[in-house]
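Summary of structural features
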Amino acid sequence: MERFAALIDTLVYTRSRNTKLALIAEYLRETPDPDRGWALAALSDGLDFPAVKSSTIRNLLKERVDPILWTLSRDFVGDTAECASLLWPAPEDETRHPPSVAEAVEALSAMTRKTAIGELGRLLDRLDPSGRYALLKMATGAMRIGVSARLAKTAFAQAFDVSVDEVEEYWHGLAPPYPELFDWAAKGGDPPDTENLPLFRPFMLAHPLEETVVSMDDYAAEWKWDGIRVQLVHAGVGEDAETRVYSRSGDDISATFPEMVDALDIQAVLDGELLVRGTHQGGEEGGAASFNALQQRLGRKTVSKKMLREAPAFVRLYDVLQWRGEDLRALPWSKRRARLEKLIGELPETHFDLSRVVEAKTFEELAAIRESSRGDAIEGLMLKRRDSPYIAGRKTGLWYKWKRDPLLVDCVLMYAQRGSGKRSSFFSDYTFGCWDGDPDKGADLLPVGKAYSGFTDEELKKIDRHVRQNTINRFGPVRETEKELVFEVAFDSIHASKRHKSGLAMRFPRIHRIRWDKPAHEADRIETLLAMVRD
Amino acid sequence: MAQPFSWIKPEPHGIHILPADSWVDPSRAVPHALVTHGHADHARGGHGETVATPETLAIMELRYRTGAEDDLGEISHKAVPVAYGETIRLKGGVDATYIPAGHVLGSAQILLEHAGEKVIVTGDYKRRPDPTCPPFQVTPCDILVTEATFGLPIFTHPPIEDEIAKLLKRLADEPDRCVLVGAYALGKAQRVIAELRRAGHVAPIYLHGAMEKMCRLYEEHGVDLGELRLVSDYKKDDMRGHIVVCPPSALNDRWSRRLPEPITAMASGWMRVRQRARQRNVELPLIISDHADWDELIRTVEEVNPYESWITHGREEALLRWHQLTQRRARALALVGYDDEDD
Ligand SMILES: [Zn+2]
Ligand SMILES: [Zn+2]
């Protein structure tokens, strides 16, 4: 536990992502099993101890110290776990025998609501203030030290020189302390066996097209639909068969879209856009409603019958990664596309259709089609190299996105400030940033703009809650948040500016859409914005 | 016979000694002032007569130019030095004795005696050893007017040796960078430097320009600080692997761009709370304070064992609560102009 506590302490005071990656990687290399696996779980929010709540800590402390002194201290420190770690009366006996991380996890897991207060106290007695802080942060779930799950996985990949996409792929089928993962990455063992599990495969992503011109002989074009990108996975046989719906970040959103779970019962991994039936985008493509209609259905843990009836979901397929147990990812896009066109007949048409290929002989013809495209459900075009295999992440030259409205970028929320007037009780002024390089290689976010508008009251409440639950630092009225929430930001123009660290200044930025589904590391990079500068 | 302690009265701008018409650490200019130590929330210029230790008077002269002229001409000012252990008689039969407080160079508790009653105003103090000033002396009294800057039970300052070792280890771990230590310009900076010397660190230490005069003043008063260099006299590369000391306000300032990839450290009791350290973008928090921590505060009250404690500034609520829990008399004084210092 001491080593882990020292790591947590150092991470708290480290701002550079690169240094954070190096620190975590070093810890993962040097710490024995199973401690490092538990630590990795703690850093990636993969631990849950239902018996230990913030209130457990409060009640425990009020038993040991005067309740008024506790409250005064808690108000000053602002964080229950930290305050408790500082205030805990150390036992007279100095021989502490600090527990290992594994021992602490075992003890925390065994606790019940009834035993938690006593057991937690005994653990705290064995630790120094740093150890107590790490333990309490771990016990209550959220570390809130500016380390995202993605950062932890990237550090793991860096520690053992494996690809983070492979880590992501295995991750969802494994449980802490991830012995299979360490056997494979750290000890050169076989990769984890995940064939019969409904696992998420990291998405293949596109680069912005910008000034590039491609030949339509090499590339095929598809519409980019305005829903949420999902992956449907069905795996296992008989009793063990299971279908899952994953969001872009690999979150399991099956419960939100139960109709899609029921719609797939063939072993497969499919990539497509989840949309809601409607008339907004009519015509031959079949009716898809606007994004707003879909928005109603996002983020729900359960869905009412009424909602299922009024806003039924379907998936417009882009790609097939696996079909009836056969991995198709290595095939060129054209072959996969041919398979997809055939297999669509085996899927219920009530819940699946095909994203059609946009026929254009030349790039100019395609540009003209793009200009004349109508309908809110179309975000732009995707250009896919006809011979591209399905590769996780963004690989230059394979896929491009050609947005219809180029002055839209995905940014990550960094700071939030209270508004004024009727919004003074909400965090409604946002500073957001873009990556100054590859976030998986330790790039940092640089602020690129601020926005106060573009969201509904309902959304404001949700963002406000997100800010409060993800605060990692307070500067007077300003909160620094975990770098997790993506905003699609619209702006009128962008200019070079010496006054800003990013070298950029946006004119009239506003929040175009809140991308709850998009992982932060997929937000845009400074280079993308630089390419938009027109002066 | 007069009411007990009716001769001394806490008022918003300081502690008023009525028979002497004098004030302790007044926050505005008065004709006659007794000053405990040189920090800005206790000492200020403009008084007619200032009674303080010779060291404190020298500090005040340097910082507030107490004897200087203003726009209207020379301010008539009289400095009255009182050495530690020395007693002076004020108007109205009040005796004032200056006793070491262990806070910074020249810092004193002031023992006031009148009509057989004893009141001690501690100013700021600590109970830990400090190579730059004599240690706090426990002196019995009826009323102890104490500070409470770190008056919460979460504050326990670790041994300074541990914090200095942390600093030196980080310096050795990253020899291509420098460690920039933010430290309050009066007291903290010199104590950190003196402790580094005590730990055997003989290399030159680089100073922000604002630190120089106070360090020289300490040296003139016999505090050995070793070789000190001004940042402005050297090149970036000269400072790699070295310690640089600056006021806390310069930590995140443009000024620090002239340093070789500085590791930002800050020496302060507030560094005990992670959030405080993060707010200042501190990478290396050093929990070093010139104030009493919680245990020192309550130990002092227990040892002095006064009839009543008066709490001047800081987190007085918790210290009041402790008095209540241990059946001791206490009251909080609402004084203005006292702040936490950057300590
Ligand atoms: Zn002071
Ligand atoms: Zn003070």
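Residues numbered from 1 in each chain as written. Chains lettered and ligands numbered in written order. Predicted model: local features only at pLDDT ≥ 70, side-chain atom pairs only at ≥ 80, totals over all residues. Heavy atoms only, no water.

Per an unreviewed UniProt entry, chain B goes by Ligase-associated DNA damage response exonuclease and derives from Parapontixanthobacter aurantiacus.

With an unreviewed UniProt entry as reference, chain A is termed DNA ligase (ATP), source organism Parapontixanthobacter aurantiacus. Per its UniProt entry, chain A bears the Catalytic activity (unreviewed entry) comment "ATP + (deoxyribonucleotide)n-3'-hydroxyl + 5'-phospho-(deoxyribonucleotide)m = (deoxyribonucleotide)n+m + AMP + diphosphate." (UniProt positions renumbered as here; feature names shortened; annotations may be inferred.)

Next up on the list: the packing of aromatic side chains. Under the criterion given, the structure shown has 21 aromatic pairs over all chains. Here the aromatic rings of A:Phe200 and A:Tyr246 are separated by 5.4 Å at their centres, their planes lie at 55°, and the arrangement is tilted. In this pair, A:Phe200 is assigned in the loop between α12 (179-185) and β1 (204-205) and A:Tyr246 in strand β5 (residues 242-246), connecting sequence segments 46 residues apart. Ring centres of A:Phe363 and A:Trp402 lie 5.0 Å apart, and the angle between their planes is 10°; on these two criteria the pair is classed as stacked. Taken together, the residues A:Phe363 in helix α17 (residues 363-372) and A:Trp402 in strand β13 (residues 399-403) connect sequence positions 39 residues apart. Across the pair, A:Trp402 and A:Phe363 agree in class, each one buried. In textbook terms, an aromatic cluster arises when at least three aromatic residues are bridged by ring pairs, as seen for A:Phe76, B:Phe150, B:Phe155 and B:Trp270. Above the plane of the ring of A:Tyr133 lies B:Arg274, whose end atom (NZ or CZ) is 3.5 Å from the centre. Directly above the aromatic system of B:Trp310 lies the positively charged group of B:Arg331, at a separation of 4.8 Å from the ring centroid. (Phe/Tyr/Trp six-rings, centres within 6.5 Å; stacked < 30°, edge-to-face > 60°. Helix = DSSP H or I, 4+ residues; strand = E, 2+ residues; numbered from the N terminus. Buried < 20%, exposed > 50% of the residue type's maximum accessible area, 1.4 Å probe, protein only. Lys NZ or Arg CZ within 6 Å of the ring centre and 35° of its normal.)

Residues and elements named next belong to chain B. Splitting chain B by domain gives domain 1 (8-153 + 291-332) and domain 2 (160-286). A straight line from the C-alpha centre of domain 1 to that of domain 2 covers 29 Å. In this complex, domain 1 contributes 19 residues to the contact, which on the side of domain 2 involves 15 residues. Each partner contributes to the roughly 1,500 Å² buried at the junction of domain 1 and domain 2, and carbon and sulfur atoms together form 77% of this total. For the pair domain 1 and domain 2, the number of links is 1 salt bridge. A salt bridge links Arg191 to Asp130; the nearest nitrogen and oxygen atoms lie 3.9 Å apart. (Domains from an automatic or database assignment. Contact = heavy atoms within 4.5 Å. Buried area = accessible area lost by both parts, 1.4 Å probe. Salt bridge = Lys/Arg side-chain N within 4 Å of Asp/Glu carboxyl O.)

With that settled, the discussion passes to helix α5 (residues 67-77) of chain A. All names here are of chain A. Of all the residues in α5, the buried ones are Leu69, Trp70, Leu72, Ser73 and Val77. Buried residues in α5, looked at end-on, bunch into an arc of 170°, giving them a common side. Trailing α5 by a residue or two, Gly78 shows a phi angle of about 85°, which is positive. (Arc of directions from axis to C-beta.)

In protein chemistry, a disulfide is the covalent bond that joins the sulfur atoms of two cysteines. Residues and elements named next belong to chain B. For the coordinates displayed, the defined rule picks out 0 disulfides over all chains. Between Cys215, a free cysteine, and Cys246, which holds the nearest cysteine sulfur, the sulfur-to-sulfur gap is 12 Å. For Cys215, a relative accessible area of 0% gives the class buried. (Disulfide = S-S within 2.5 Å.)

Taken together, the side chains of A:Arg300, A:Lys461, A:Lys462 and A:Arg465 make up a positively charged region of the molecular surface. Examined against the element boundaries, A:Arg465 turns out to sit in helix α18 (residues 457-469). (Patch = residues over 30% accessible without salt bridge, like charges linked within 9 Å, V, L, I, M, F, W, Y side chains within 5 Å. Areas by Shrake-Rupley, 256 points an atom, 1.4 Å probe, with all protein chains shown as cover. Lys, Arg positive; Asp, Glu negative; His and termini not counted. Charge placed at Lys NZ, Arg CZ, Asp CG, Glu CD.)

Turning to the interface of chain A and chain B, a few remarks are in order. Contacts between the two partners involve 24 residues from chain A, matched on the other side by 24 residues from chain B. Contact between chain A and chain B buries roughly 2,300 Å² in total, counting both sides, with carbon and sulfur atoms accounting for 58%. When the buried surface of chain A facing chain B is broken down by residue, A:Tyr13, A:Phe76 and A:Leu86 rank first, second and third, together holding 33% of it. The partner of A:Asp9 in a salt bridge is B:Arg274, with the nearest N and O atoms 2.7 Å apart. Counting across the interface, chain A meets chain B through 10 residue pairs in polar contact (both at pLDDT 80 or more). Those elements giving two or more residues to the side of chain A that touches chain B turn out to be α1 (2-12), α5, α6 (80-87), α9 (129-139) and β17 (471-475) of chain A. By residue number, the principal contributor to the side of chain A that touches chain B is α5(A), which donates 6 residues. Among the residues making up the side of chain A that touches chain B, the classes are represented as 14 nonpolar, 4 polar and 6 charged. (Polar contact = N/O pair within 3.5 Å; in protein donor to acceptor, adjacent residues only side chain to side chain. Nonpolar A, V, L, I, M, F, W, Y, C, P; charged D, E, K, R; others polar.)

All names here are of chain A. Judged by pairing direction, the sheet is mixed, and its 5 strands sit side by side in the order β2-β13-β11-β3-β10 without closing on themselves. Single-partner strands in this sheet number two, and they are β2 (207-208) and β10 (357-358). Note: strand β3 (residues 219-225) against β10, 2 bridges, orientation antiparallel. Within β10, the position partnered with Glu222 by the bridge is Val357. Lying on the sheet, helix α16 (residues 333-343) is in contact with β3, β10, β11 (378-385) and β13; it crosses β3 at an angle near 55°. Set on the sheet, α17 makes contact with β3, β10, β11 and β13; between it and β13 the angle comes to about 40°. (Pairing = 2+ DSSP bridges. Axes fitted to C-alpha atoms, helices over the stretch in contact; angles between N-to-C directions.)

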